[in-house]
Amino acid sequence: MLTLRIAWRALNKNRMRAGLTVLGVVIGIAAVTTMVSLGQSASALVQGQFQALGTNMILVFPGQRNRDGIQQAIVTLTARDAKAIGVECPSVLATTPVIGTSGQVIYGSSNFSPREITGVSEEFPLVRNWSVRQGEFFSERDISSSNKVCVIGHTIVAKLFQTINPIGETIRIKNIPFRVVGVLEKKGANMVGQDQDNLVLLPYTTVRKRLQGSEFDNVGAIMVSARSMQVMAEAQLEIDQLLAERHRIQPGQPRDYIVQNTTEIANIFGAVTGTLTMMLASIAAISLVVGGVGIMNIMLVSVTERTREIGIRMAVGARANDILRQFLVEAVLLSCVGGLIGFLLGVGASVGLVTLINSFTTGTKWTHEVSITAGIVAFLFAAAVGVFFGYYPARRASRLDPIEALRYE
């Protein structure tokens, strides 16, 4: 404690020089903290977006084949595949086929083009973990009868109905009337700015027969919800084995479908953002090296200026280890103060940048992420810089000859 007080008094004698000395460490720690915080915020955003897709979501897409240099989808997935997955895969909770179409939605004298008009099954709310705010979702009976009913998102309500209660009202799509039976809970925009509430959901059989005029059972994709996060890998394997059997795919043959686990996709995105964060943080850490060199230079100057003081201390009984410890504590104190200031500046900068990003984005807002671990690591790293770059000047001071030091003018 005495050594610490002596070191603080020594640094306090020349505040300007001490402040300029720690500037490099302040900038380095601030830059690293800012980059790590932004990286964690981006990773949290990606993970949150994939979780918003639904409960333990697994997606089944048509496979791809190369024909004359052009990638084409292999349209072999059917609604019967979706039903079979729900019935025969023990790890699966619910499934829904997905059939997309497009068109204008007309109500009275108003019309609007939704971002998405999609045919799904009655299990869509369970698969997507998306409840109905008003009214109800269409039933299995509506699916089997290809009834002209629909469930709409909040944006459709705002664009077409405004203050009118949409339940029971009739909208027209491709000149076909559909009765509104439900309104979904509001979800807002996703991370790429797409409005998730700008959609109309119809029974997939209705889309296929009445809007597409098709008698085929093919679907664009299948959404699957596993029973829990723990059995997602098992559910993915069960789906793959079942579809391979149903599509008569022999061992070694390429699949005509793709089974993707959204957790794996989220982890890949998380790994990418984590790698980029570490890369940027490593670049920012270069300024820490510059700051450490600055500390070494100033400490060497300090040793030269205080040579006579060192000689007096040795003359009255100070040992070489005492001198080494004193100058080393000064270097570490400089670095730690710089690290603390840098961490606080980094937190402030990351908060400001997240706020700025949110002001320019219309999609899902970023949340500010700063872990206590990052602060501890930043502080310890700053202390390590002080020890590493302060040792040589401290060692040089401890090896001074007392008699020569007393003669120094």
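The preceding data block contains the structure.
Residues numbered from 1 in each chain as written. Predicted model: local features only at pLDDT ≥ 70, side-chain atom pairs only at ≥ 80, totals over all residues. Heavy atoms only, no water.

A. Structural context of the pairing of strand S3 (residues 92–101). Burial analysis of S3 places eight of its 10 residues in the buried class, which makes it a mostly covered element. Relative to strand S6 (residues 116–120), S3 runs antiparallel, the two being bridged by three bridges. Looking at the pairing, Ile 99 lines up with Gly 119 of S6. (Buried < 20%, exposed > 50% of the residue type's maximum accessible area, 1.4 Å probe, protein only. Helix = DSSP H or I, 4+ residues; strand = E, 2+ residues; numbered from the N terminus. Pairing = 2+ DSSP bridges.)

B. Geometry of the layout of surface pockets. The volume enclosed by the second largest pocket comes to roughly 380 Å³. Around the second largest pocket, the lining comprises 23 residues; the ones closest to its centre are Lys 83, Ser 121, Glu 122, Glu 140 and Tyr 204. Elements with a contribution of two residues or more to the lining of the second largest pocket: helix H3 (79–88), S3, helix H5 (140–145) and helix H7 (204–211). Here the lining of the second largest pocket takes six residues from H3, the largest share from any one element. (1 Å grid on protein atoms, 1.4 Å probe; cavity = no way out; pocket = protein on both sides within 12 Å on 5 of 7 lines; lining within 4 Å. Points joined across faces, edges and corners; volume = space filled by probe spheres on them.)

C. Spotlight on the packing of H3 against helix H8 (residues 232–246). Following both chains from N to C, one finds H3 and H8 inclined at 130°, their axes separated by 10 Å at the closest point. One finds that H3 runs oblique with respect to H8. Taken as a pair, H3 and H8 cross one another with a handedness that is right-handed. Contacts between H3 and H8 involve Arg 80, Asp 81, Ala 84, Ile 85 and Glu 88 on the former and, on the latter, Ile 239, Leu 242, Leu 243 and Arg 246. Each residue belonging to the contact of H3 with H8 can be placed in one class, and the counts come to five nonpolar, no polar and four charged. (Axes fitted to C-alpha atoms, helices over the stretch in contact; angles between N-to-C directions. Parallel < 35°, antiparallel > 145°, perpendicular 65-115°, else oblique. Left-handed = near helix turned anticlockwise from the far one by under 90°. Contact = heavy atoms within 4.5 Å. Nonpolar A, V, L, I, M, F, W, Y, C, P; charged D, E, K, R; others polar.)

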